Amino acid sequence: MFEKILIANRGEIALRVHRACKEMGIETVAIHSTADSDAMHVRLADESVCIGPPPARESYLNIPAILSAATIAGVDAIHPGYGFLSENARFAELVEEHGFTFIGPTPQHIRMMGDKIVAKQTAEKLGLPLVPGSPGPVESLDEVKALGEKIGYPVLVKAVAGGGGRGMKVIDSADAAEEAFTLARQEATAAFGNGSVYVEKYLGRPRHIEIQILADTHGNCVHLGERDCSLQRRHQKVLEETPSPALNRETRERIGDLAATAIGKMGYRGAGTLEFLYQDGEFYFIEMNTRLQVEHPITEAITGIDLVREQIRIAAGAPLGFTQADVKFSGHAIECRVNAENPETFVPCPGLVTDYHPPGGLGVRVDSGLYTGYRMPPYYDSLVAKLIVSGGNRNECLMRLRRALGEYVIGGIETTIPLHQRIIAQQEFVDGEYNIHWLERLVGLKK
Ligand code: ADP
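Residues numbered from 1 in each chain as written. Predicted model: local features only at pLDDT ≥ 70, side-chain atom pairs only at ≥ 80, totals over all residues. Heavy atoms only, no water.

### Focus on the pattern of salt bridges
- In total, this model carries 31 salt bridges according to the counting rule given.
- Close ionic contact of Asp306 with Arg16 constitutes a salt bridge, the shortest N to O distance being 2.7 Å. Of this pair, Asp306 sits in the loop between α10 (296–303) and α11 (307–315) while Arg16 is found in helix α1 (residues 11–23), placing the two residues 290 residues apart along the sequence. Take Asp306 and Arg16: they sit in the same class, and that class is buried.
- Overlapping salt bridges bring together Glu210, Arg227, Lys237, Glu240, Glu275, Glu295 and Arg337 as one network. (Salt bridge = Lys/Arg side-chain N within 4 Å of Asp/Glu carboxyl O. Helix = DSSP H or I, 4+ residues; strand = E, 2+ residues; numbered from the N terminus. Buried < 20%, exposed > 50% of the residue type's maximum accessible area, 1.4 Å probe, protein only.)

Encoded structure:
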């Protein structure tokens, strides 16, 4: 097993990885920018290295600085968390070339799934159902229009290098194709330095259902059930739950087995997530994430499996200690992403945290680096806390979540806690009747 791990991230996820390491008797090395010297992930780590100035490209994305920090600290392995370099195949390669273990999949698998067209082609070969659309990138407006005719409007233009919902545009009719196609390509170029786009049928009322999988280097592969991430704003997840109110046991087993079999055939290693849209009883693969997800704690809550611990064990070459039959799902869990944003305008609101009292009690978990007196820097993502609540069933979970949100005090900055209170007060949410467009209608982004 590793003796020392460098955590190439910040915020709540750096803390999350640190906690798993400490419980395994592994020393941790934090990295940080000059804007994060007082951050909780730096305070708790056994060692820390300042790797650059505030902008992420000069610090958390600065590969030479991170590798130098790993060398100086003498670590065995590097955990990338999510975001930043977690899905950068070149980083994974360089980590290994420098003699460290990358806690994640092989660079080949990261590269393959980072290109959404290659990912879809691979998924199709592995027997996963796809959203109808272009088999490859679309180069011209005529091609977009021909596809619109063939699969029927509305269609969605998506960036091949996509992520975070950027470079995605809906086209309602042939007349709107030119503008959407141009805009999507511009946005994709600006966000990813790659303007390549493809086309998919735009589904009208799907749910976003994703399957968590774990695979070791000994050929064992299991799924840990689904997460329903349909509550989204601008294609970004806001609240997630498991099990999905839309799936029954049989459907869960069907898609879970399909996903685990596909991943097994790929020879994948580590944790991964297969994302699907689900509508009218059918699943459609959209992408695979080759890393830990923000919403992983809800899966931990209902399975009792520590996903970060498993990632570390797998990277160290250990076999999974359990089989599919050993995985038991118990109760219900919901995660609320708490962002430092105005809950109505969603304008980020970094600043000094004057008061901090997280909720507690049975079935309540808070993953956050916040503390009273912490000054949140303006340079990074606005996610400041994850409130994860679990209960014996969905109703108990919802009652507990209402109670926990009411207890949560974060003073000095605005947060999206009131948005979550509003969501869970809606009858449709209580009934589990929502799809990926529901939240945008609630917050007035869509009619
Ligand atoms: P990204 O990598 O940018 O997050 P995804 O492919 O994961 O892009 O899609 C993000 C979200 O966009 C999905 O969860 C869903 O809400 C919406 N979306 C993606 N593809 C479609 C589609 N074909 N029809 C309708 N909505 C879609």
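### Quick look at helix α13 (residues 417–424)
- For α13, the full list of buried residues reads Ile417, Leu419, His420, Ile423 and Ile424. Seen from one end, α13 has its buried residues packed into an arc of 155°, which puts them on one side. (Arc of directions from axis to C-beta.)

### Observations regarding the nonpolar core
- Within the largest apolar cluster, 40 residues are counted, with the highest numbers of intra-cluster contacts made by Ile410, Ile423 and Phe429.
- Sorting the residues of this core by element identifies β11 (236–242), β14 (332–339), β19 (383–391), α12 (394–407), α13 and α15 (438–442) as the ones contributing at least two each.
- When residues of this core are assigned to their parent elements, the largest contribution, five residues, is made by α12.
- Ignoring any residue separated from it by four or fewer positions in sequence, one finds Phe429 in contact with Leu231, Leu239, Glu241, Ile334, Arg394, Leu398, Ile423, Ile424, Tyr434 and Trp438.
- Among the nonpolar cores identified, the runner-up in size contains 28 residues, and Phe2, Ile7, Ile305 and Val308 belong to it. (Core = buried A, V, L, I, M, F, W, Y, C linked by side-chain atoms within 4.5 Å. Contact = heavy atoms within 4.5 Å.)

### Quick word on the site of the ligand
- In the vicinity of the ligand, 21 residues are found, and the nearest of them are Lys116, Gly165, His208, Gln232 and Glu287.
- Protein coverage of the free-state accessible area of the ligand, which is 550 Å², stands at 96%.
- Elements that contribute at least two residues to the shell around the ligand include exactly β6 (155–159), β8 (197–201), β12 (270–279) and β13 (282–289).
- Among the domains, domain 2 (132–201) and domain 3 (207–442) are the pair contributing at least three residues each to the shell around the ligand. (Near = heavy atom within 4 Å. Areas by Shrake-Rupley, 256 points an atom, 1.4 Å probe, with all protein chains shown as cover. Domains from an automatic or database assignment.)

### A short note on the packing of helix α4 (residues 89–97) against helix α5 (residues 107–114)
- α5 packs onto α4 with a crossing angle of 175° between their chain directions and a minimal axis gap of 8 Å. Put simply, α4 runs roughly antiparallel to α5. For the pair α4 and α5, the contacting residues are Ala89, Arg90, Ala92 and Glu93 in the first and Pro107, Ile110 and Arg111 in the second.
- Tallied by class, the residues present in the contact of α4 with α5 amount to four nonpolar, no polar and three charged. (Axes fitted to C-alpha atoms, helices over the stretch in contact; angles between N-to-C directions. Parallel < 35°, antiparallel > 145°, perpendicular 65-115°, else oblique. Nonpolar A, V, L, I, M, F, W, Y, C, P; charged D, E, K, R; others polar.)

### Quick word on the side chain of Thr303
- Structurally, the position occupied by Thr303 is in helix α10.
- Classification of Thr303 by relative accessible area gives buried; the value is 14%.
- In terms of polar contacts, Thr303 uses its side chain to reach the backbone carbonyl oxygen of Thr299, at 2.7 Å.
- Filtering out sequence-adjacent residues up to four positions away, Thr303 remains in contact with Leu224, Val327, Lys328 and Phe329. (Polar contact = N/O pair within 3.5 Å; in protein donor to acceptor, adjacent residues only side chain to side chain.)

### Describing the domain arrangement of the protein chain
- Domain boundaries assigned for the protein chain yield domain 1 (4–103), domain 2 (132–201) and domain 3 (207–442).
- Distance between the C-alpha centres of domain 1 and domain 2: 36 Å.

### Observations concerning the sheet that holds β8
- Within the open sheet, the three strands sit side by side as β7-β6-β8. Their pairing is antiparallel. Both outer strands of the open sheet, β7 (169–171) and β8, are each paired with one neighbouring strand and no more. For this sheet, the mean inter-axis angle between neighbouring strands, taken without regard to orientation, is 30°.
- Across three bridges, β6 lies against β7 in antiparallel orientation. The partner of Val157 across the bridge, within β7, is Lys169.
- Where helix α8 (residues 177–192) meets the sheet, it contacts β6, β7 and β8, and its direction lies at approximately 170° from that of β7. (Pairing = 2+ DSSP bridges.)

### A few points about α8
- Across its 16 residues, α8 extends 22 Å between first and last C-alpha, which sits within 8% of the 22 Å expected from 1.5 Å per residue.
- When α8 is considered as a whole, its buried residues turn out to be Ala177, Ala180, Phe181, Ala184 and Ala188. Viewed end-on, α8 has its buried residues packed into an arc of 100°, placing them on one side of the element. Turned more than 90 degrees away from the buried face of α8 sit Glu178, Glu179 and Ala190, all of them exposed.
- Along its buried surface, α8 packs onto α7 (141–151), β6, β7 and β8. (Expected span 1.5 Å × (residues − 1).)

### Description of the packing of aromatic side chains
- All told, the structure shown has 11 aromatic pairs when counted by the stated rule.
- Ring centres of Tyr371 and Tyr374 lie 5.3 Å apart, and the angle between their planes is 50°; on these two criteria the pair is classed as tilted. For the pair Tyr371 and Tyr374, a shared accessibility class is recorded, and that class is buried.
- Members of the aromatic cluster, connected to one another through ring pairs, are Tyr60, Phe84, Tyr379 and Tyr380.
- Just above the ring of Tyr434 sits the side chain of Arg207; from NZ or CZ to the centre is 4.3 Å.
- Over the ring of Phe346 we find Arg233, and its NZ or CZ is 3.6 Å from the ring centre. (Phe/Tyr/Trp six-rings, centres within 6.5 Å; stacked < 30°, edge-to-face > 60°. Lys NZ or Arg CZ within 6 Å of the ring centre and 35° of its normal.)

### Focus on the environment of Thr71
- Within the secondary structure, Thr71 sits in helix α3 (residues 63–73).
- Once the C-alpha coordinates of Thr71 and Gly99 are considered, the two residues, 28 residues apart in sequence, prove to be 9.3 Å apart.

### Looking at the sheet that holds strand β3 (residues 47–52)
- Overall, parallel pairing links the five strands, which are arranged β3-β2-β1-β4-β5 in an open sheet. Two strands lie at the open edges of the sheet, namely β3 and β5 (101–102), each paired on one side alone.
- Judged from the four bridges that link them, strand β1 (residues 4–7) and strand β2 (residues 27–33) form a sheet pairing that is parallel. In the strand pairing of β2, Leu6 is matched with Val29.

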